[in-house]
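What follows is each chain in one-letter form.
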Amino acid sequence: MFAVVSAAALLSAGYLGKKLLPGAQLGDVDPASLVGALVSLAVAVISAWFGRRALVVTELAQAWNDADAAGVADRLAPEVRAVEIAARAALVGLGKRINVTFRVQLAHSAALPGSVGALATVGDYYRGVRPGRLIISGVGGAGKTVLALELMLDLLKSRSDGEPVPVRVTAATWPTGFSVEEWLVRHLVDTYALRHAAARSLLNAGLVLPVVDGLDEMADDAPELDSRPAALLRALDEFHDSEGLAPLVLTCRTEQLGSLADIGVRLRDSATIEIVGLSAAEAQLYLQTSVDDPARWQPVLAKLLFEPTGLLSTALGTPWRLSLVRQVYERDTQGGYQHDPLELVNTTWSGPDHLRDHLLSLLIPIATGDAETARYHPDQVHRWLTTLARDYLGRHGGTQVGGVAISGTDLVPHQLWPLAGVRFVRGVTVALAWLLLSGALCVELLRETPRQSPTYIVTVAGGAGFLLALLMLLAALTKAEPNRFVWTFATKVVGRTKLRRLKVASLTLFAGVSTLGYMLVVLADRSTAGWLLWAIPLCSVAFVTITFARDDASINARNPRELLGADARFMVLLAMVTGVLMAVLTQVAPAPPVSVDDFGLFIGAAIGVVIAWTIAPASIYYLAMLLGTRRWSRHPLPWELGDFLEWSCDRGLLRSAGVAYQFRHREIQDFLASRGNPNVA
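Notes on the structure in this doc start here. This structure is a prediction, so every number in the text was calculated from the model and none was measured.

### Observations regarding the overall build of the protein
For the protein, the helix and strand inventory stands at 25 helices and 15 strands. Within the protein, the fraction of its 681 residues that count as buried is 49%. For the protein, restricting intrachain contacts to residue pairs at least 6 apart in sequence, the fraction spanning at least 24 positions comes to 72%. When the accessible surface of the protein is summed, it comes to about 32,100 Å², and 59% of that surface belongs to carbon and sulfur atoms.

### Here we look at the packing of aromatic side chains
Inspection of every chain in the model, using the stated rule, returns 8 aromatic pairs. Between Trp384 and Phe644 the ring centres are 5.1 Å apart and the planes differ by 80°, which places this aromatic pair in the edge-to-face class. One end of the pair, Trp384, is in helix α16 (residues 378–396); the other, Phe644, is in helix α24 (residues 641–650), with 260 residues separating them in the sequence. The same class applies to Trp384 as to Phe644, namely buried. Ring pairs connect the aromatic residues Tyr376, Trp384, Phe644 and Trp647, which therefore count as one cluster.

### Notes on the pairing of strand β3 (residues 133–138)
With 6 of 6 residues buried, β3 is to be regarded as a mostly interior element. Burial along β3 is two-sided: Arg133, Ile135 and Ser137 facing one way and Leu134, Ile136 and Gly138 facing the other are all buried. Taken together, the 6 bridges between β3 and strand β8 (residues 248–253) define a ladder with parallel strand orientation. Bridge pairing in β8 links Arg133 to Leu248.

### Comments concerning the nonpolar core
Counting 132 residues, the largest nonpolar core has Leu287, Leu344 and Leu385 as its most contacted members. Once residues within four sequence positions are removed from consideration, Leu385 is found in contact with Ile364, Phe644, Ser648, Leu653, Leu654, Phe663 and Leu672. One finds Leu445, Ile607, Val609 and Trp613 within the second-largest nonpolar core, a separate group that totals 24 residues.

### Examining unusual backbone geometry
Geometrically, the link from Arg130 to Pro131 is a cis peptide bond, its omega value of 15° lying close to zero. Positionally, Pro131 belongs in the loop between α4 (122–127) and β3. The phi dihedral of Asp269 falls on the positive side, at around 50°, and the residue is not glycine. Turning to its location among the elements, Asp269 is positioned in the loop between α9 (254–262) and β9 (271–275).

### A look at the sheet that holds strand β4 (residues 165–170)
Strand order in the open sheet made by the 7 strands is β2-β1-β9-β3-β8-β5-β4, with mixed pairing throughout. The open sheet is flanked by β2 (116–118) and β4, the only strands paired with a single partner. Neighbour-to-neighbour, the strand axes of the sheet open up by a mean angle of 25°, direction not taken into account. Contacts from α9 reach β1 (101–106), β3, β8 and β9, with the element oriented near 105° to β8.

### What to know about the pattern of salt bridges
Inspection of every chain in the model, using the stated rule, returns 20 salt bridges. Between Glu238 and Arg268 there is a salt bridge, and its shortest N-O distance comes to 3.6 Å. Here the residue Glu238 occupies a position in helix α8 (residues 228–238), and Arg268 occupies one in the loop between α9 and β9, the gap between them amounting to 30 residues. Between Glu667 and Arg321 there is a salt bridge whose closest N-O contact spans 3.0 Å. One end of the pair, Glu667, is in helix α25 (residues 666–673); the other, Arg321, is in helix α13 (residues 319–329), and 346 residues separate them in sequence. Note on accessibility: Glu667 and Arg321 belong to one class, buried. Bridged by salt links that share partners, the residues Arg133, Asp237, Glu238 and Arg268 form one connected network.

### Observations concerning α16
Owing to its 3.6 residues per turn, the α-helix brings residues three or four apart onto one side. Over its 19 residues, α16 extends 25 Å from the first C-alpha to the last, a length consistent with the 27 Å expected when each residue adds 1.5 Å. Thr386 marks where α16 bends most, by close to 25°. The first or second residue beyond α16 is Gly398, which carries a positive phi of 80°.

### Observations regarding a nonpolar patch on the surface
A cluster of nonpolar side chains, namely Trp434, Leu435, Phe466, Leu467, Leu470 and Leu473, defines an oily patch on the protein surface of about 580 Å² accessible area. When contributions to the nonpolar patch are tallied by element, the ones reaching two or more residues are α17 (422–448) and α18 (454–469). Along the chain, Leu435 turns up in helix α17.

### Re helix α6 (residues 180–192)
Taking 1.5 Å per residue, 13 residues should reach 18 Å; α6 reaches 17 Å between its end C-alpha atoms and fits that length. On the buried face of α6, the contacting elements are α3 (69–92), β4, α7 (196–204), β5 (208–213) and α8. Downstream of α6 by a residue or two, Ala193 has a phi angle that is positive, lying close to 60°.

### Things to note about the pairing of strand β15 (residues 660–663)
Neither face of β15 is exposed, since Ala660 and Gln662 on one face and Tyr661 and Phe663 on the opposite face are all buried. The pairing of strand β14 (residues 654–657) with β15 spans 4 bridges and is antiparallel. Bridge pairing in β15 links Ala657 to Ala660.

### Points about the side chain of Thr170
Relative to the assigned elements, Thr170 resides in strand β4. Beyond its immediate chain neighbours, meaning those up to four positions away, Thr170 contacts Trp183, Asp213, Thr409, Asp410 and Gln662.

Conventions used here
Residues numbered from 1 in each chain as written. Predicted model: local features only at pLDDT ≥ 70, side-chain atom pairs only at ≥ 80, totals over all residues. Heavy atoms only, no water. Helix = DSSP H or I, 4+ residues; strand = E, 2+ residues; numbered from the N terminus. Buried < 20%, exposed > 50% of the residue type's maximum accessible area, 1.4 Å probe, protein only. Contact = heavy atoms within 4.5 Å. Areas by Shrake-Rupley, 256 points an atom, 1.4 Å probe, with all protein chains shown as cover. Phe/Tyr/Trp six-rings, centres within 6.5 Å; stacked < 30°, edge-to-face > 60°. Pairing = 2+ DSSP bridges. Core = buried A, V, L, I, M, F, W, Y, C linked by side-chain atoms within 4.5 Å. Axes fitted to C-alpha atoms, helices over the stretch in contact; angles between N-to-C directions. Salt bridge = Lys/Arg side-chain N within 4 Å of Asp/Glu carboxyl O. Expected span 1.5 Å × (residues − 1). Bend = angle between axes of the 7 residues up to and from the residue. Patch = residues over 30% accessible without salt bridge, like charges linked within 9 Å, V, L, I, M, F, W, Y side chains within 5 Å.

This is the structure:
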């Protein structure tokens, strides 16, 4: 078979050469160039044919694996467990967890194992819920997400063959109008790198237990019938499997859940449990066993003991507030104490909210550390986080801006560009393209007409470059999502260890063959046939390979920063290939006589780069956003935004959730969104 395909490719190459070179003489085209070009074309055809055969075999094998829902679930479970263990550590740390208790609020038609339960036994409690539809409610900071995580980890730890895999999704990421099945399929594909068919087979087999977190965070106002929370709850109510209403877990604040019930939106056959607030004795026990020096906390402990229903006890009645007060008054990042817990007792508080705001105002300076030696000053951190909380999430959350659906809680790096203004970002991308194209035209004109005045050359190049730069406006029709290269088949053949070397070797080989081919074209006196037989097949194969290898960068991404890194690599390589291809086309296209060899190479390469920007604009939009959020703008952000977001996660201000960042707690986001001027003194 190999011989037959090779012979066919070589015969095709010979026929093409005959057609392209009718009546060509020995002096017209260098024989070495022609032979090299024909052989290169034949090898490219053969490689493409065998690559396609290998891809078909791989697809068939993968299709069999996708249909094995039980096997997919067994592979998915440990990945979910690793992600959720990290999420729990980001929320509560690795120390002692508060064993919160809960009680049944509403049972509807569900069967329950009892009327009360606790964090440590929530897994056993859920196994007794029939038909497995559970709503976890409570006040803000009560620990709803932590309880849901504990439930998931308990189910995963004791999971046996055939049992569903709990998968957590953030309610705010629900695309309005999507069914729950479509939403879960997208989440499994994006977050856990499952193929679409594999994710669909899991759902069809009933092997996914959705854990929908934060229904109350979809909207700040009281939900109405046409609101997103009400629409999602109706979609969850219709979620079913082959046996009827499908099991699921939902977290929501008690107040918002009651508002939805008042307008007639409920989850059928579900049980609602409510987390009980911590008593003064539980808060006292937690502080005694978790702080470094209990003697420093004696005034607070005494206050909790003798005033169990007082303002301090009420304000510290949730796990979140206890962890917050411990972070503020315990050792800072430098190992010292910045504040004395005695001020909690000596200060006259106007109410629990006053104490809450006091703690939140001290959080950023504590997390930053010594202002003189810290990487970021507290004022800078406060200003930048306020930009994200107020100007991005607060202003645009739950809406669509520039075709981007913005969540009310998620900070996705490649979706932050509307913060700088849609018109500004698109204007900057056009300006960048204009500078590149005008510069290339200036070089071409200076080579062709060196005696023309610089003013004339700059004017002509600037005008023509601007018209060509308007191509970037087509990027508005492209969804600015990050892209990546998919090396699935190469990974299966050579393994992940050797894949990086294979990529480097491939790029080196491409550059070497390109250089050698161009030298052969030069030997052939740059004839049209030489360009056609060498450069166009080579660039076309590379372009098609890159295009078919293009995929959503969110697949397999375990960190939000991976998205833009993958997209930047994709865009650079695509720009290289399209640049070379367009440069070649300028050499074979009909053009007026010129006095300079290779006229059009620079402008052709520049046009190719702009085309690549138009096809994959995510990285360019991100760069434009950074240019529009300098310290003198209304929405300042740091230039090294990715480093700052990672630093904020390390300091307990943000947390990483899949391919997005979130504020560690909604109270931090609301506090920053409601205050325009930093007050961190």
